[in-house]
Amino acid sequence: MMLKRLNNADGVFSSPMSKAQNGAREPAAFDAGRHRGKRVDLNDLHLSYGDRHVLRGLNLAIPAGQFLAVVGRSGVGKSSLMRLIVGLDKPTNGNISIDGSVVQGLQKSVKLLFQDARLLPWQTVLSNVGIARAPGWRDAAMNALRDVGLAERNNEWPAVLSGGQRQRVALARVLVGEPNVLLLDEPFGALDALTRADMHTLLEKLWLRDRFTTVLITHDVAEAVALADRVVVMREGRVTFDVDVKAERPRQRTDVELVALQERILREV
Ligand SMILES: Nc1ncnc2c1ncn2[C@@H]1O[C@H](COP(=O)(O)OP(=O)(O)O)[C@@H](O)[C@H]1O
Ligand SMILES: [Mg+2]
């Protein structure tokens with residue numbers, strides 16, 4: 001694993017903790033033709049709400065298809081950062097580019113999933129997934145429901161689903177548009193541990209197949225190191241810690257290196 005410390009006043013690079021583990025296995029479903037991640041660059045981002053400075057010169061380059069996890073204390077500006085990337089808000093200074101094009105206004109190529117599923121209760125599961133109603137939306141929505149294992153529930157109402165199933169419908173809804181960049185803002189925080197583990201498996205499977213660039217915000221450092229290629233810590237409006245996670249997939253949560261890495265990250269949060 002490679003550890004580097006950034007932007008800190010005491011910012012010397014940490015020494016490597018352990019031997020590198022390269023060569024993550026590709027799954028059976030590997031299909032390079034489907035890969036659609038785009039590169040995301042966050043360039044000297046500043047964001048203020050009135051005289052409250054939330055982001056203070058945040059820089060981060062996210063390669064196409066990377067699975068990045070962002071951890072940081074509550075209020076550090078993680079959700080605000082997601083709103084900037086999707087184009088819902090504008091930075092006070094600096095810019096974001098996606099495959100080199102500066103973000104201006106809402107980005108179709110970027111989709112955002114929240115902790116609560118936000119389904120429309122008066123629409124069926126299928127209609128919730130196909131909400132954008134593009135031509136061919138029914139087939140696309142059914143395919144997305146199949147991907148999340150809920151095709152047979154397409155005609156039901158959200159109210160009869162469990163919390164985990166509703167979140168899978170919400171995942172299908174963001175994936176139906178084949179996003180190039182998927183932003184997940186604490187998406188599994190409200191789920192029980194077993195349902196959360198199922199969601200991890202599902203998300204990893206879909207990401208391995210399609211390689212949309214993924215930014216996962218999480219409080220759960222174990223979740224971050226289990227899923228991500230790279231974990232960054234946000235502090236005081238910047239990225240202050242940045243580490244690659246090179247353990248093979250599927251990962252064992254009890255892997256001693258991952259557990260040690262978790263502890264390392266927690267010290268930086
Ligand atoms: N629309 C807003 N207007 C004013 N302050 C805001 C707004 N959105 C967020 N904030 C403030 O910005 C800071 C960062 O919020 P947020 O991005 O939600 O943090 P996080 O997701 O890391 O918990 C917090 O202090 C929050 O109160
Ligand atoms: Mg938040």
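Residues numbered from 1 in each chain as written. Chains lettered and ligands numbered in written order. Predicted model: local features only at pLDDT ≥ 70, side-chain atom pairs only at ≥ 80, totals over all residues. Heavy atoms only, no water.

Asks: So what exactly am I meant to see when it comes to the packing of aromatic side chains here?
Replies: Aromatic ring pairs are defined here through the distance separating the ring centres and the angle between the ring planes. Within the structure shown, the criterion is met by one aromatic pair. Seen from their ring centres, Phe67 and Trp207 are 5.4 Å apart, and the 80 degrees between their planes marks the pair as edge-to-face. Of this pair, Phe67 sits in strand S4 (residues 67-72) while Trp207 sits in helix H5 (residues 193-210); the two residues are 140 residues apart in sequence, bridging distant segments of the chain. Judged by relative accessible area, which is 0%, Phe67 ranks as buried. (Phe/Tyr/Trp six-rings, centres within 6.5 Å; stacked < 30°, edge-to-face > 60°. Helix = DSSP H or I, 4+ residues; strand = E, 2+ residues; numbered from the N terminus. Buried < 20%, exposed > 50% of the residue type's maximum accessible area, 1.4 Å probe, protein only.)

Asks: Quick question: what am I supposed to make of the nonpolar core here?
Replies: Most often, soluble globular proteins keep nonpolar side chains buried together rather than apart. Among the nonpolar cores identified, the biggest contains 49 residues, and Val71, Leu145, Val148, Leu171, Leu182, Val231 and Ile265 are the most heavily contacted of them. Residue contacts for Leu182: discarding those within four places in its chain leaves Lys111, Leu171, Val174, Leu175, Leu203, Phe212, Thr213, Thr214 and Val215. Leu42, Leu55, Leu60 and Ile96 belong to the second-largest nonpolar core, a separate cluster that totals 29 residues. (Core = buried A, V, L, I, M, F, W, Y, C linked by side-chain atoms within 4.5 Å. Contact = heavy atoms within 4.5 Å.)

Asks: Just to check I follow, could you spell out unusual backbone geometry for this structure?
Replies: Glycine aside, a negative phi is what most residues show, and trans is what most peptide bonds show. The step from Arg249 to Pro250 runs through a cis peptide bond, and the omega angle for that step is -10 degrees. By the secondary structure assignment, Pro250 is in the loop between strand S11 (238-244) and helix H7 (256-268). Even without being glycine, Asp44 reaches a positive phi, approximately 45 degrees. A residue is classified by how much of its surface remains accessible, and Asp44, at 39% relative accessible area, is partly exposed. A positive phi is found at Glu236, a non-glycine position, where the angle reads about 50 degrees.

Asks: What's the story with helix H4 (residues 163-175) in this structure? I'm lost.
Replies: Every α-helical turn comprises 3.6 residues, leaving residues that sit three or four positions apart pointing alike. Counted at 1.5 Å a residue, the expected span for H4 with its 13 residues is 18 Å, and the 18 Å between its end C-alpha atoms agrees. Those residues of H4 that fall on the buried side of the exposure criterion are Gly164, Gln165, Gln167, Val169, Ala170, Leu171, Ala172, Val174 and Leu175. Structurally, H4 contributes buried residues whose contacts are with strand S7 (110-113), helix H2 (125-129), helix H3 (137-147), strand S8 (181-185) and H5. (Expected span 1.5 Å × (residues − 1).)

Asks: What is the right way to look at the site of ligand 1 in this model?
Replies: Lining the immediate environment of ligand 1, one finds Tyr49, Arg52, Val54, Arg73, Ser74, Gly75, Val76, Gly77, Lys78, Ser79 and Ser80. Contact distances for ligand 1 include 2.8 Å between an oxygen atom and a backbone N or O atom of Lys78. In the environment of ligand 1, an oxygen atom lies 2.6 Å from a nitrogen or oxygen atom belonging to the side chain of Ser80. Here ligand 1 has 560 Å² of accessible area as a free molecule, and 59% of this is covered by the chains. Sorting the residues of the shell around ligand 1 by element identifies strand S3 (52-62) and helix H1 (78-86) as the ones contributing at least two each. Among the elements that make up the shell around ligand 1, the one with the highest residue count is H1 (three residues). In the shell around ligand 1, the residues fall into three nonpolar, five polar and three charged. (Near = heavy atom within 4 Å. Polar contact = N/O pair within 3.5 Å; in protein donor to acceptor, adjacent residues only side chain to side chain. Areas by Shrake-Rupley, 256 points an atom, 1.4 Å probe, with all protein chains shown as cover. Nonpolar A, V, L, I, M, F, W, Y, C, P; charged D, E, K, R; others polar.)

Asks: What am I meant to see in the sheet that holds S3 here?
Replies: Hydrogen bonds between backbone atoms are what pair the strands of a sheet, whose relative direction is either parallel or antiparallel. Strand order in this open sheet of four strands is S3-S2-S5-S6, and the pairing throughout is antiparallel. Strands at the two margins of the open sheet, each flanked by one partner only, are S3 and strand S6 (101-102). Where strand S2 (residues 40-49) and S3 come together, eight bridges link them in antiparallel fashion. Across the sheet, Ser48 pairs through a bridge with His53, a residue of S3. The strands touched by H1 within the sheet are S2, S3 and strand S5 (93-98), with S2 carrying the most contacts at an inclination of about 120 degrees. (Pairing = 2+ DSSP bridges. Axes fitted to C-alpha atoms, helices over the stretch in contact; angles between N-to-C directions.)

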